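# Fold and geometry: a report
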Amino acid sequence: MAVTEAENPLVGEITCGSLLQKLQEIWDEVGESDEERDKMLLQIEQECLDVYKRKVEQAAKSRAQLLQALSDAKLELSTLVSALGDKSFISIPETTLGTINEQLAAIAPALEQLLKQKEERVKEFSDVQSQIQKICGEIAGNASEQTGAPAVDESDLSLKKLNEYQVKLQELQKEKSDRLHKVLEFVSTVHDLCAVLGMDFFSTVTEVHPSLDDTTGVQSKSISNDTLLRLAETVSVLNEDKKQRLHKLQELATQLVDLWNLMDTPEEERILFDHVTCHTSASVDGVTVPGALALDLIEQAEVEVERLDQLKASRMKEIAFKKQVELEEIFARAHIEIDPEAAREKIMALIDSGNVEPTELLADMDNQIAKAKEEVLSRKEILDRVEKWMSACEEESWLEDYNRDENRYNSSRGAHLNLKRAEKARILVNKIPGMVDTLVAKTRAWEEDRGISFSYDGVPLLAMLDEYAMLRQEREEEKRRLRDQKKYGEQQNTEQEAIFGSKPSPARPSGPKKVVGPRANGGTNGTPSRRLSLNATQNGSRSATKDGKRDSMKLAAPANFVAISKEDAASHVSGTDPVPASP
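Remember, it's a predicted structure, so these values are computed and weren't measured experimentally. (Residues numbered from 1 in each chain as written. Predicted model: local features only at pLDDT ≥ 70, side-chain atom pairs only at ≥ 80, totals over all residues. Heavy atoms only, no water.)

This part is about the overall build of the protein chain. From N to C terminus, the protein chain includes 18 helices and 2 strands. Taking all 583 residues of the protein chain together, the buried fraction comes to 31%. In the protein chain, 73% of the contacts between residues at least 6 apart in sequence involve partners at least 24 apart. (Helix = DSSP H or I, 4+ residues; strand = E, 2+ residues; numbered from the N terminus. Buried < 20%, exposed > 50% of the residue type's maximum accessible area, 1.4 Å probe, protein only. Contact = heavy atoms within 4.5 Å.)

See the structure below:
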């Protein structure tokens, strides 16, 4: 009954003392010896000691683990604080007081918060670095080769480091935007050039990179260095091709126009090639019409030029004579005398003989025309001065006619206009000597520079000027003689009046008044024409030269330069002031 109560833990309070007492009672009933009892008690004591020892070891081990956990927590806390570099955001306990569990409990919230912050920061770093890696791959051209997220350096997760990555990302994003803008500009330029050249834009641009197709999104287009380089090369090649095609087209257009002009091609045929000739003087950048420089268009122009060249060969005589007329007109405008009949006979002989190619003949005539134009340009200044000199001579001739007109001061219609013209003519006539001197100097300089004589319609200009100067001097002497004669007559008349007394002069017989009519070098109302009587003399001189019958050069100056005869002088004097007859 007692044993049952001892085994039942629910009966009474079981302690080591109660159990030992129960054991003593059992031993007393059994009659155990003291030796056995001591041995049993020693065994019980050893077993209890082993239990305590095992429990102490377990407790020590648990304490060591807690200390290691506390040390690890403190180290991790320090590492996180160092990596994140953000003490101000987290409340970190500074005290080391309290039990181990209390210290662990104090560190745990801060550690948990730092771990959470680290996880978020690592994600931010990973996102930024992934974008940087992607853009760098796009710039390098190996974006497709990159796999996986970039490794994040968890030893430095500070905001400063994150900001550095973000700044770098912004720079790369700006560079990507600039590159993308440049790529789009290149693609647009390639599109425009392909349109003008009549080329396939799709095949041209996708040959550089497949992503440059219009169907691809803007952000998906390649921005690598290789793509930009190849785009720049493509644009350069297309621009050079455009330049060469435009040059070729302009050459063909020039040939077409020349051939049309040579053969008097009607306007309706020329209109068919307006798309070719409209770019004759255009610049490379000025040609933007789609298909304007397509190869088929250039080939079409080449075929037309070839056709016209063949047609030109069959009309060689007509074209050659047309160029000869152009050459003769150039020489005529420059007052250079040539033999057109001989030139035409020579052209006929060359064409009929077949010893010269038509293109060579036309090229030679074009060369003659070019040289004639150069000659005209070199003579222009002198010819302009000759025109002014001759115009002044015409005014001088008109002025002399005007001075001989007795009715010049009458209030007739147009008298005031003639008076104004006479005033201007006198000013101009006074400039003639200076004109002549300048013209002589310019002509001599021209002749010295070229080593040939300057001829005007076949007459040496210096000879014309020398003879004009001589005749002008003779005319001045004649005027001086007339003035002396008039003065002498007036003196004789005064002496007679002193001897015989004055008497009325006999009435002048009435007769028809002298009217200034058209001169050889003037029109009605005293208006001079542009061709002087000089030219008639020159024409006679030239014809004499051609016939070989001219013995000396004739006068090449206006008719009014000829010395006035005595009868003309007397009529001139009587037309102005009365001169009494000599006794």
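Next, the rest of the story.
Now for helix α2 (residues 16–30). Along its 15 residues, α2 runs 21 Å from first to last C-alpha, staying within 8% of the 21 Å computed at 1.5 Å per residue. Gly 31 sits one or two positions beyond α2 and adopts a positive phi of about 90 degrees. (Expected span 1.5 Å × (residues − 1).)

All right, on to the side chain of Glu 304 then. Counting through the fold element by element, Glu 304 comes out in helix α10 (residues 295–314). On the basis of relative accessibility, which here comes to 11%, the residue Glu 304 falls in the buried class. The residues contacting Glu 304, other than those within four sequence positions of it, are Leu 256 and Phe 273.

Let us look at the packing of aromatic side chains. Summed over the entire model, instances satisfying the criterion amount to 5 aromatic pairs. Between Trp 260 and Phe 273, the aromatic rings sit 6.4 Å apart at their centres with planes inclined by 50 degrees, giving tilted as the arrangement. With Trp 260 in helix α7 (residues 225–263) and Phe 273 in the loop between α8 (267–271) and α9 (274–277), this residue pair connects regions lying 13 residues apart in the sequence. Overall, the relative accessible area of 4% leaves Trp 260 in the buried class. When the ring centre of Phe 454 is taken as reference, the NZ or CZ atom of Arg 379 above it lies at 4.0 Å. Arg 421 extends its terminal NZ or CZ atom over the ring of Trp 398, reaching a point 4.2 Å from the ring centre. (Phe/Tyr/Trp six-rings, centres within 6.5 Å; stacked < 30°, edge-to-face > 60°. Lys NZ or Arg CZ within 6 Å of the ring centre and 35° of its normal.)

The tendency in soluble globular proteins is for nonpolar side chains to be buried as a group. Counting residues in each nonpolar core, the largest one holds 62 residues, and the members touching the most others are Val 183, Leu 212, Leu 256, Val 276 and Leu 293. Sort the elements by how many residues they give to this core and α7 lands first, with 13 residues. In this structure Leu 212 touches Val 183, Val 187, Val 205, Lys 221, Ser 222, Thr 227 and Leu 231, once residues within four positions along its chain are discounted. (Core = buried A, V, L, I, M, F, W, Y, C linked by side-chain atoms within 4.5 Å.)

The next point concerns helix α14 (residues 415–430). For α14, spanning 16 residues, the distance from its first C-alpha to its last is 23 Å, which sits close to the expected 22 Å at 1.5 Å a residue. Those residues of α14 that sit buried are Ala 415, Arg 421, Ala 422, Ala 425 and Val 429. Looking straight down α14, one finds its buried side chains confined to an arc of 110 degrees; they lie on one side. Turned more than 90 degrees off the buried face of α14, the exposed positions are Leu 417, Lys 420, Lys 424, Ile 427 and Asn 430. (Arc of directions from axis to C-beta.)

To continue, consider the packing of helix α11 (residues 316–333) against helix α13 (residues 358–404). Closest axis-to-axis distance for the α11/α13 pair is 9 Å, and the angle between their directions is 10 degrees. One way to sum up the angle between α11 and α13 is to call them roughly parallel. Touching Met 316, Ile 319, Ala 320, Lys 323, Gln 324, Glu 326, Leu 327, Ile 330, Phe 331 and Arg 333 of α11 are Pro 358, Leu 361, Leu 362, Met 365, Asp 366, Gln 368, Ile 369, Ala 372, Lys 373, Val 376 and Leu 383, all from α13. (Axes fitted to C-alpha atoms, helices over the stretch in contact; angles between N-to-C directions. Parallel < 35°, antiparallel > 145°, perpendicular 65-115°, else oblique.)

A few words on the confidence of the model for the protein chain. Taken as a whole, the protein chain shows an average pLDDT of 77; of its residues, 79% reach a score of 70 or greater. In the model, residues 1–11 has pLDDT below 50 throughout and makes 7 contacts with residues more than four positions away in sequence or in other chains. Contacts of residues 503–583 to residues separated by more than four positions or lying in other chains number 110 contacts, the stretch itself having pLDDT below 50. (pLDDT = per-residue confidence, 0-100.)

Right, let's talk about the UniProt feature "coiled-coil region" (unreviewed entry) in the protein chain for a bit. The UniProt record marks residues 49–76 and 155–182 with the feature "coiled-coil region" (unreviewed entry), using the residue numbering of this structure. Between the end C-alpha atoms of residues 49–76 the distance is 40 Å, and the span holds 100% helix and 0% strand. Secondary structure over residues 155–182 splits into 86% helix and 0% strand, and the C-alpha atoms at its two ends are 39 Å apart. (UniProt positions renumbered as here; feature names shortened; annotations may be inferred.)

This part covers unusual backbone geometry. The backbone of His 335 sits at a positive phi, close to 55 degrees, despite the residue not being glycine. Here Asp 457, not a glycine, exhibits a phi torsion of approximately 55 degrees, which is positive. Inspection of the secondary structure puts Asp 457 in the loop between β1 (455–456) and β2 (459–460). Asp 457 sits in the buried class, given a relative accessible area of 12%.

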